[in-house]
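# Survey of secondary and tertiary structure
Here is what each chain is made of, one letter per residue.
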Amino acid sequence: MEAQPPVIRAFGDAGVAEAAALIRAGGMVAVPTETVYGLAADARDAQAVAGIYAAKGRPSFNPLIVHVADIAAAEAIATFDEDARAVVARFWPGPLTLVLPLRADAGIASLVTAGLDTVAIRVPAHRAMQALIAASGAPLAAPSANASNAISPTCAAHVAASLGSRVPLIINDGATVAGVESTILAGRTILRPGPVTAEMLRDVLPVAPGRTAHVSAPGQLATHYAPAKPLRLDATQVSADEWLIGFGAVAGDDTLSSRGDVVEAAARLFDTLHRADASDRSRIAVAPVPEVGVGVAINDRLRRAAHR
Ligand code: TXA
Ligand code: MG
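An unreviewed UniProt entry annotates the protein as Threonylcarbamoyl-AMP synthase of Sphingomonas hominis. As its UniProt record puts it under Catalytic activity (unreviewed entry), the protein is described as follows: "L-threonine + hydrogencarbonate + ATP = L-threonylcarbamoyladenylate + diphosphate + H2O". The UniProt entry for the protein carries this comment under Subcellular location (unreviewed entry): "Cytoplasm".

Here it is in structure tokens:
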């Protein structure tokens, strides 16, 4: 079958309805925000989120930002303190992301937070992203809508050039205004500088710049869940004290994907690691995962976990 180029729809009711239907069906859509175009999927749907990583060809799992309609929707997902409330009262909707404790009942797929107990969340100001959140009824996980290692897209043509047939639909609403990704704030530390500057934030909170969230090798960030137990790769047989995470024909105590599907495996990775950590066995062994597609990101993550 020929790969189809993405459908590009002008912003409007029809385009947004079509995009929302794709999101509700577990797919993904490129949509502008005030910063850059994002590649959005339902943040509650692990398979859909795994599809984002597969489409971007990301070699590692970086946690994603969840986009919601308003502060009330954000409070259903994250726990706010007084600092957080003061900042969002001033800057939301807008290009500011907060890293906050993830609520236990948030219902967000663990691949979105890379298994962490914090979540990055923002209320975007852009009409297209807001319309898509409303029409899909979903919190939307969205990294920038470009292939891994390519520059962030600020117009629909950038998205089409970078992702091609890997994105089915792009909502076109012209060039983005900010052009750089949102500011990321964790507590009083700026993890990533962005359109909401330190000076602007200091009107509300005494913030300080921190370690940037953008480094050359994102997988080296400590921003992933790491199992506490020793972990061994490429296992097909185990000793009595090992918990085997299977894949495909290797059944195991648990499995990343019994049908050998790397997208399903990516969707299940962090939950599976949490269960392995919680098991009655003292060590973890993982079956071979093929180095294809998003399997590259799974293996990258597993290798880092094995070499600590
Ligand atoms: O402007 C933006 O923020 C765009 C648009 C689409 O909203 N999105 C974006 O997403 O830039 P992305 O995936 O390229 O960047 C997300 C950043 C990553 O650097 C990641 O490490 C950080 O957010 N991040 C996400 N969750 C985190 C967490 N729980 N703790 C620390 N950093 C986190
Ligand atoms: Mg990016």
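There is more to say after this.
Next up on the list: the site of ligand 1. Around ligand 1, the surrounding shell holds 26 residues, and the nearest of these are Thr 35, Gly 38, Pro 63, Ala 120 and Pro 143. Contributing elements (two or more residues each) for the shell around ligand 1: β5 (96-101) and β6 (118-122). The biggest single contributor to the shell around ligand 1 is β6, with three residues. Its residues assigned to classes, the shell around ligand 1 shows 14 nonpolar, eleven polar and one charged.

Time to look at the pairing of strand β10 (residues 189-192). Within a regular strand, side chains alternate between the sheet's two faces. Where strand β9 (residues 183-186) and β10 come together, three bridges link them in antiparallel fashion. Bridged to Ile 184 within β10 is Arg 192. Here β9 folds back onto β10 in antiparallel fashion, the turn holding two residues, of which Gly 187 has a positive phi close to 65°. Here β10 pairs with strand β11 (residues 208-209) via two bridges, running parallel.

On to the UniProt feature "domain: YrdC-like" (unreviewed entry) in the protein, then. UniProt tags residues 13-196 as "domain: YrdC-like" (unreviewed entry). With 30% helix and 21% strand, residues 13-196 has its two end C-alpha atoms placed 30 Å apart.

Turning next to unusual backbone geometry. Glycine aside, a negative phi is what most residues show, and trans is what most peptide bonds show. In this model, Trp 92 is joined to Pro 93 through a cis peptide bond whose omega is -10°. Phi is positive for Ala 114, which is not a glycine, with a value near 50°. Inspection of the secondary structure assignment puts Ala 114 in the loop between β5 and β6. A count of 21 C-beta atoms within 10 Å places Ala 114 in the buried class.

Within the secondary structure, Gly 252 is located in the loop between β13 (242-246) and β14 (254-255). Residue classification places Gly 252 among the buried residues on the basis of 21 C-beta atoms within 10 Å. Those residues within four positions of Gly 252 in sequence are excluded, and the remaining contacts are Leu 244, Ile 245, Gly 246 and Ala 287.

A word on the confidence of the model for the protein. Scored by pLDDT, the protein comes out at a mean of 92, with 95% of its residues at no less than 70. Counting interchain partners and residues more than four positions distant, the pLDDT-below-50 stretch residues 213-220 has eleven contacts.

Adjacent strands of a sheet form backbone hydrogen bonds with each other and so pair up, either parallel or antiparallel. Taking strand neighbours across the sheet as the criterion, the four strands line up as β12-β15-β13-β14 in an open arrangement whose pairing is parallel. Pairing within the sheet leaves two strands with one partner each, and these edge strands are β12 (231-232) and β14.

Taken together, the buried positions of helix α4 (residues 82-91) are Ala 84, Val 87, Val 88 and Phe 91. Around the axis of α4, the buried residues are gathered within 95° of arc, so they sit on the same side. The exposed residues of α4 that point more than 90 degrees off its buried face are Glu 82, Arg 85 and Ala 89. Contacts made by the buried residues of α4 are with α3 (71-75), β5, β9 and α7 (198-201).

The next subject is the nonpolar core. Residues Val 49 and Ala 266 are the most contacted members of the largest nonpolar core, which totals 100 residues. Broken down by element, this core gets its largest block of residues, nine residues, from helix α8 (residues 262-278). Looking at this core, you find at least three residues from each of domain 1 (7-220) and domain 2 (231-306). Other than its neighbours up to four places away in sequence, Val 49 contacts Ala 41, Ala 43, Ala 109, Leu 111, Val 112, Ala 141 and Ala 267.

The rules behind the values
- Residues numbered from 1 in each chain as written.
- Chains lettered and ligands numbered in written order.
- Predicted model: local features only at pLDDT ≥ 70, side-chain atom pairs only at ≥ 80, totals over all residues.
- UniProt positions renumbered as here; feature names shortened; annotations may be inferred.
- Near = placed C-beta within 6 Å.
- Helix = DSSP H or I, 4+ residues; strand = E, 2+ residues; numbered from the N terminus.
- Nonpolar A, V, L, I, M, F, W, Y, C, P; charged D, E, K, R; others polar.
- Pairing = 2+ DSSP bridges.
- Buried ≥ 20, exposed ≤ 12 C-beta atoms within 10 Å, placed from the backbone.
- Contact = placed C-beta atoms within 7 Å.
- pLDDT = per-residue confidence, 0-100.
- Arc of directions from axis to C-beta.
- Core = buried A, V, L, I, M, F, W, Y, C linked by C-beta atoms within 7 Å.
- Domains from an automatic or database assignment.

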